[in-house]
Amino acid sequence: MSQKEQIKQYNGPAGGWGALKAVTKSWWGSENAVKNIRTMLKTNQNGGFDCPGCAWGESPESGKVNFCENGAKAVNWEATNRVVDPEFFATHSVSSLLKQTDYWLEYQGRITHPMKYDSATDHYVPISWDDAYQLVAQHLNQLESPNLAEFYTSGRASNEAAFLYQLFVRAFGTNNFPDCSNMCHEASAIGMKDTIGVGKGTVIFDDFAKADAIFVIGQNPGTNHPRMLEPLREAVKRGAQVICLNPLKERGLERFQNPQVPIEMLRNGSKPTNTAYLRPALGGDMAVFRGIAKFLLQWEREAVETGGKAVFDRDFINDHTIGIDEYLKEVDATTWEHIAEQSGLELHEIETVADMYRRSERVIMCWAMGLTQHRHSVPTIKEVANVQMLRGNVGKPGAGLSPVRGHSNVQGDRTMGIDEKPSTALLDSIERRFNFKVPREIGHNTIQAIKAMEEQQSKVFIGLGGNFAQATPDTERTHLAMKNCNLTVHISTKLNRSHLVTGKDALILPCLGRTEIDVQDHGPQGITVEDTFSMVHISYGQLKPRSEHLRSEPAIIAGIAHATLGCHPIDWNWAIQDYERVRDLISETIPGFTDFNLKLRNPGGFHLVNPAAERRWNTTSGKAQFSDSALPKQLINEAVLEQGNKPDLILQTMRSHDQYNTTLYGLNDRYRGVFGMREVLFVNEEDIAKLGFQNGDKVDMVSLWEDGVTRKVQGFTLVAYDIPKGQAAAYYPETNPLVPLDSYGERTFTPTSKFIAIKLEKASSDEIQRSKVE
Ligand SMILES: Nc1nc2c(c(=O)[nH]1)N[C@H]1C(S)=C(S)[C@@H](COP(=O)(O)OP(=O)(O)OC[C@H]3O[C@@H](n4cnc5c(=O)[nH]c(N)nc54)[C@H](O)[C@@H]3O)O[C@H]1N2
Ligand SMILES: Nc1nc2c(c(=O)[nH]1)N[C@H]1C(S)=C(S)[C@@H](COP(=O)(O)OP(=O)(O)OC[C@H]3O[C@@H](n4cnc5c(=O)[nH]c(N)nc54)[C@H](O)[C@@H]3O)O[C@H]1N2
Ligand SMILES: [Mo]
C-alpha cells in the first residue's frame, strides 16, 4: 500500500454501512459464519451469552438484542478456527516467537493444550492439567511468604471465576491483586468514593432517555462503546444537549448511522451525536470544570442579588452535602487566567457549556480514559462531581455520574473482591463465612507488582486473563521484571507476548471463552457479569469449545487451589461441579447478592443497589462531600522541567478502531482515516512544520522523565491531523515503552497514558511498519 492509500480522510458517519461491512467481512471471512451470526443474535438476555466486548449495558425492559461492529469482532476473534497447538509450539521456539508482532501472535488462533516452558530447548511443551496444577502449588508453597506472589486479573473474568480466585488467594494469604482496573478506572473509584461514598456509576441505562444534557468526557464511544451512540443520537433528536469534551474530533461523537435502523441505512442518512464539542488540552478537564463552577458561582451570586432563579440546588446542598464553603473559596481563588491556560480553551467556550449545563434540569456526566489516565485524575473526577452536586445532579432520574467501564466484567470483578485494598467489611465477611484468618495488609497494585518482581520481592506471577507484559507501562523494564520470576502462569484464550516473557518456569493454561459451552459435572453452566450500570446477568456459552482440552476459568482456579491448599477453606472441586454452588457462596459473602440464583431467573438480570443513586451517602460524614483541591500549578512533572527539558509535544496513547486493548483485530483505524498501519503519530500540521518535519516523515519518539533512562520507540509516520497544537496521539500498546513506570496518578497508581512529554527525532533507521501479519 502506498502512503496515500494508508492515510485518507474519513467523511462518513460512525456506524452505518462501513460498520456493517466490517462485521459481515469478519463473519464471512470465518468458516463459522452461519453459526456466528446465530450466536451473535443470541447475545444477552435470551439464554445466549453476554457480549465479551465492552461493559456498556442495555435496558432490561427493552428485550432488544443489540450488537455492534466491535462486539461482533470480539466474538468472531474468539470463535476462530485457527489453533495454537503443541505442533505449533514444536515448530516455533519462544525466541523466534518473540520476534513476531503482537498482531501476528494473537492471529495464530486459540491455544488448545496446557503448555509448560522448557528452558533447555526454548520451546513450550505439553503438560497434563494435573502436573500443571502441581507445579503451581509447588512454587507457591515453597515461598517464604504468600506476599511473594502476584495474582493479576483482567476484566473479562466472570463473577464466579473472580470470586473463587480471590477466595483462593486470600486463603493462601495475600491481597496482592494487581488488576487491569489499576490502569483503567481506578481514579473514578477513588474520586467517587471520596465524594459520594460509592465507587460505581449512579445512573442506569434508562436515565439516558430522561436527561436534558449528557456530557461525554475523554471517551471515544464510536470505537470503544458503540452501543452508546444510539442513546446519544436519541438525546440529540429529542432536543437534549450532548456536550463532548475531547481534543480529537472523534467521528462517533459527530455523526452516527444506526446499522439496525434500516430506513436510515437506505437513505444513507445519519444523525448528529452532539450539540457542543470542546477540545481541551490534554489533562485540561479539571480546569474546564473549575471554569464551569466559576461561571455557575458568578450567576448564583447574581441570582441572590437580584432575587432571580437560583442556579445552585440549594436544598440539595443544604440537606445532602458538606464542604460547600471551602469549595467555593477554592473556586474564587482559582484565577480565570489559570483556567484558560490549563484548559487550553477560550473562556467563552467554557461559558457556553456552563450555560447549557445551567439550563438543564437533569444532567449525566460520562467519562472514560481521557479523564482517568492523568496524574491529577482523582481531583479531576472530584471536580466533575462537585459541579454535579452544585445543581443536585446526583440521585435523581436522568442525572448522575457515569464512569463508562472498559472490560465487560471489570466492575463485577471488583464487586467480587478483586481488590488489593479491600474494605474491612469485605474481609470481615469472608472471615465470617469461611472461617480462616484473612490477610489484612494492603496488597500490590499493578505498578507495585512490577516493582516487586523487579526487586525479586515477588517470585510467582499468575495472570487470570489479560496481557500483563503489553498492557503495562515501561515495557522493557516490565519485561525484565517478569523474567525475574521463578514461575509465570497465564490463564488465556490466545497467544500473546506475556506468554513469551517467561519466568524460570512458565505455564500457559488455556481456558474456555465466554462464547463457548461450559460443561461441568451437573451439566452446562452459565457465568455472570456486571455491566457499567451495575446490572448483573447470566451468560451461557453457545459454541462447541475449540479444543476438548480447554477448561473453564473457575475449573482452572479450583484445580490450582486444590493442589495448593487441599480442601481449605472449601472443597474446590465440589464448588465447580455446579456454579450455582459458587453463586450461593457469593450470596453469603457479598452484599447485594442475597438469593443470587433466584434473582438471575429474571431475564434482564437484576440491579445492584447504589446508595448514592438513592441519596444515601456512605462517606465518613454521611453526606456527599465537596472537595476543594487546587488546580495543579502545571501539568508537566516539575522534575522533568527542572532538568531544563522542554517537550516538543504531549502525547496521549489510545485505541484504534481495530483493536481490543492489546488484541489487534486489524491494522485499520477507519474513522481516523488510517489503513494498514499502526505506527502513526497524529500531530497538528503547524507543529510538524515548526519541529522541522513534513507530513509523512518517519520519526522516533523519546519520552522525558527524571531518571535519565532513554525511553524510545522508532519509525512512526507523522500524520498531519486535526488535533490541538502541542498535542500528539498514537496507539497503545506500541507506545507503552515510552510511559515511565513512575509516571502514575496520585493515589491511583494508574500510568499517565494520556500525558507523556515527548521529543521527536528523525527516524534513526529505515525500519518501517512492524505490524504486519505475515
Ligand atoms: N472496541 C474496543 N472496545 C473497547 C476497548 C478496546 O480496546 N476496543 N477497550 C475497553 C476498555 S478496557 C476501556 S477502559 C474502554 C476505553 O474507552 P476510551 O476511554 O474511549 O478509550 P481510548 O481509546 O483510550 O480513548 C480515550 C479518548 O479520550 C480522549 N482523550 C485523551 N486524553 C484526553 C484528555 O486529557 N481530556 C479529554 N477530555 N479527552 C482526552 C481521546 O482523544 C480519546 O477519544 O473501552 C473498552 N471498550
Ligand atoms: N498506554 C496505554 N496503556 C494502557 C491503556 C491505555 O489507554 N494506554 N489502557 C489500560 C486499560 S484501560 C486496560 S483495561 C488495560 C488492559 O489490560 P489487559 O486486560 O491485561 O489486556 P487485554 O489486551 O485486554 O488482554 C488480552 C488477552 O486476554 C486473553 N483473553 C481474552 N479473552 C479471555 C477470556 O475470556 N479469559 C481469559 N482468561 N483470557 C482471555 C487473551 O489471551 C488476550 O491475549 O491496559 C491498560 N494499558
Ligand atoms: Mo480499561
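Residue positions are counted from 1 within each chain, in the order its sequence is given. Each chain takes a letter, starting from A, and each ligand takes a number, starting from 1, following the order in which they are written. Only residues with pLDDT of at least 70 are given local features in this predicted model, and only at 80 or more are side-chain atom pairs given and counted; all residues enter the totals for whole chains, interfaces and linings. Side-chain metrics rest on all non-hydrogen atoms present in the structure, leaving aside hydrogens and water.

**A look at the overall build of the protein**
Test applied: To qualify as a helix, a DSSP run of H or I must reach at least 4 residues; to qualify as a strand, a run of E must reach at least 2; elements of each kind are numbered from the N terminus. In this description the radius of gyration comes from C-alpha coordinates, and the expected globular size is given by 2.2 Å times residues to the power 0.38. Throughout, exposure labels follow a simple rule: accessible area from a 1.4 Å probe, protein chains only, divided by the maximum for the residue type, with under 20% read as buried, over 50% as exposed, and the rest as partly exposed. Contacts between residues were defined by any pair of non-hydrogen atoms, one from each residue, lying within 4.5 Å. Asp and Glu are treated as the negative residues and Lys and Arg as the positive ones, with His and the ends of the chain left uncounted. Just so you know, the charge point we use is NZ for Lys, CZ for Arg, CG for Asp and CD for Glu.
Helix and strand content of the protein: 31 helices and 30 strands. What you see for the protein is a C-alpha radius of gyration of 25 Å, in line with the 28 Å of a compact globule of 774 residues. Seen along its three principal axes, the alpha-carbon backbone of the protein occupies a region of about 80 × 60 × 60 Å. Here the protein holds 774 residues, and the buried ones make up 65% of them. Pairs at least 24 apart in sequence give 79% of the contacts found in the protein among residues at least 6 apart. Charged side chains of the protein number 83 positive and 95 negative; the gap between the two group centres comes to 4 Å.

**Looking at the site of ligand 2**
Here is the rule we go by: By convention in these notes, a residue is near a molecule or strand provided one of its non-hydrogen atoms lies within 4 Å of it. Polar contact criterion, stated in full: a pair of N or O atoms within 3.5 Å, where within protein one must be able to donate a hydrogen and the other to accept it, and residues adjacent in sequence count only if both atoms are side-chain atoms. Accessible areas in this description were obtained via Shrake-Rupley with a 1.4 Å probe; residue shielding takes into account the shown protein chains only. Throughout this entry, Asp, Glu, Lys and Arg are counted as charged residues, while Ala, Val, Leu, Ile, Met, Phe, Trp, Tyr, Cys and Pro are counted as nonpolar. The remaining residues, Gly among them, count as polar. For the purposes of this description, domain bounds are those given by an automatic or database domain assignment.
Contacts to ligand 2 come from 31 residues, most closely from E106, Y152, E553, T662 and N736. Here an oxygen atom of ligand 2 sits 2.8 Å away from a polar atom, N or O, in the side chain of H407. In the environment of ligand 2, an oxygen atom lies 3.2 Å from a nitrogen or oxygen atom belonging to the backbone of G466. The protein chains hide 96% of the 930 Å² of surface that ligand 2 would expose on its own. Looking at the shell around ligand 2 residue by residue, the classes come out as 10 nonpolar, 15 polar and six charged. Lining the shell around ligand 2 are residues from two domains, each supplying at least three of them: domain 2 (83–178 + 410–604) and domain 4 (638–762).

**Focus: the site of ligand 1**
If you check the shell around ligand 1, you find 31 residues, and the closest are N246, E250, D285, Q659 and N661. Here G283 contributes a backbone N or O atom positioned 2.8 Å from an oxygen atom of ligand 1. Within the side chain of D285, one N or O atom sits 2.7 Å away from a nitrogen atom of ligand 1. Among the elements of the structure, helix 11 (221–224), helix 19 (369–372), strand 23 (649–654) and strand 24 (659–660) are those that each provide at least two residues to the shell around ligand 1. Partitioning the shell around ligand 1 into residue classes produces 11 nonpolar, 16 polar and four charged. Residue contributions to the shell around ligand 1 reach at least three from each of two domains, namely domain 3 (186–404) and domain 4 (638–762).

**Notes on the sheet that holds strand 13 (residues 363–367)**
Our working definition: Here, a strand pair is defined by DSSP locating no fewer than two bridges between the strands. In this description, a line fitted to the C-alpha atoms serves as the axis of each element, helices being fitted only across the stretch in contact, and the angle between N-to-C directions of two axes falls anywhere from 0 to 180 degrees.
The strand order across the open sheet formed by five strands is 11-8-7-13-14, and the pairing between neighbours is parallel. Of all strands in the sheet, those with a lone pairing partner are strand 11 (276–278) and strand 14 (400–403), marking the two edges. Averaged over all adjacent pairs, the angle separating strand axes in this sheet is 15°, with direction ignored. One ladder, built from three bridges, connects strand 8 (residues 241–245) with strand 11; its direction is parallel. In the strand pairing of strand 11, I243 is matched with A276.

**Observations regarding helix 10 (residues 186–196)**
In terms of burial, helix 10 is largely enclosed, as nine of its 11 residues are buried. All of the buried residues in helix 10 are E186, A187, S188, A189, I190, G191, M192, T195 and I196. Of the residues flanking the end of helix 10, it is G197, one or two places downstream, whose phi is positive at about 85°.

**A short note on the state of the cysteines**
Inclusion rule: Disulfides are defined as pairs of cysteine sulfur atoms found within 2.5 Å of each other.
If you walk through the whole model with that rule in mind, you get zero disulfides. Considering cysteine sulfurs only, C180 is the nearest to C511, which forms no disulfide, with 15 Å between them. C511 gets classed as buried once you look at its relative accessible area, which sits at 2%.

**A few points about the domain arrangement of the protein**
The line we're drawing: The rule for a salt bridge is simple: a side-chain nitrogen of Lys or Arg has to be within 4 Å of a carboxyl oxygen of Asp or Glu.
Once the domains are mapped, the protein shows domain 1 (3–79), domain 2 (83–178 + 410–604), domain 3 (186–404) and domain 4 (638–762). At the junction of the two partners, domain 1 supplies 19 residues and domain 4 supplies 18 residues. Inspection of the region where domain 1 meets domain 4 yields one salt bridge. Where domain 1 touches domain 4, the interface holds three residue pairs in polar contact (both at pLDDT 80 or more). Counting only elements with at least two residues in the side of domain 1 that touches domain 4, the list comes to helix 1 (3–6), strand 1 (14–15), helix 2 (16–28) and helix 4 (69–78). By residue number, the principal contributor to the side of domain 1 that touches domain 4 is helix 4, which donates five residues.

**Comments concerning the packing of helix 23 (residues 446–454) against helix 25 (residues 475–483)**
Selection rule: Between 65 and 115 degrees an angle is taken as roughly perpendicular, under 35 as roughly parallel, over 145 as roughly antiparallel, and anywhere else as oblique. Crossing handedness is defined as follows: a turn of the near helix away from the far one that is anticlockwise and smaller than a right angle gives a left-handed crossing, while the clockwise case is right-handed.
Contact geometry for helix 23 and helix 25: axes closest at 7 Å, N-to-C directions at 60°. The angle between the axes of helix 23 and helix 25 places the two elements in the oblique class. Along this stretch, helix 23 crosses helix 25, giving a crossing that reads as left-handed. Contacts between helix 23 and helix 25 involve I450, K451, M453 and E454 from the former and R477, T478, A481 and M482 from the latter.

**A closer look at unusual backbone geometry**
With an omega of -10°, the peptide bond between H568 and P569 qualifies as cis. Along the chain, the position of P569 falls in the loop between helix 26 (553–565) and helix 27 (572–577). The phi torsion at Q456 lies on the positive side, around 55°, for a residue other than glycine. Inspection of the secondary structure puts Q456 in the loop between helix 23 and strand 15 (460–464).

**Remarks on helix 16 (residues 324–333)**
Heads up, the rule is: Think of it as the arc spanned by the lines of direction from the helix axis to the C-beta atoms.
Within the sequence span of helix 16, burial applies to I324, Y327, L328 and V331. One face of helix 16 carries all of its buried residues, which in axial projection span an arc of 95°. Counted as exposed and oriented over 90 degrees from the buried face of helix 16: D325, K329 and A333. Where helix 16 is buried, its residues meet helix 14 (285–306), helix 15 (314–320), strand 12 (321–322) and helix 20 (377–390).

**Comments concerning the nonpolar core**
So the rule is basically this: We call a set of buried Ala, Val, Leu, Ile, Met, Phe, Trp, Tyr and Cys residues a nonpolar core when their side-chain atoms join them within 4.5 Å.
In this structure, L140, F151, F163, F168, L509 and F593 are the most contacted members of the largest nonpolar core, which totals 63 residues. With 10 residues, helix 9 (residues 159–172) is the largest single contributor of residues to this core. Dropping the residues within four chain positions of it, F163 is found in contact with M416, F434, V582, L585, I586, T589 and I590. In terms of nonpolar packing, the next biggest core, distinct from the first, is built from 55 residues, Y327, L328, V353 and V363 among them.

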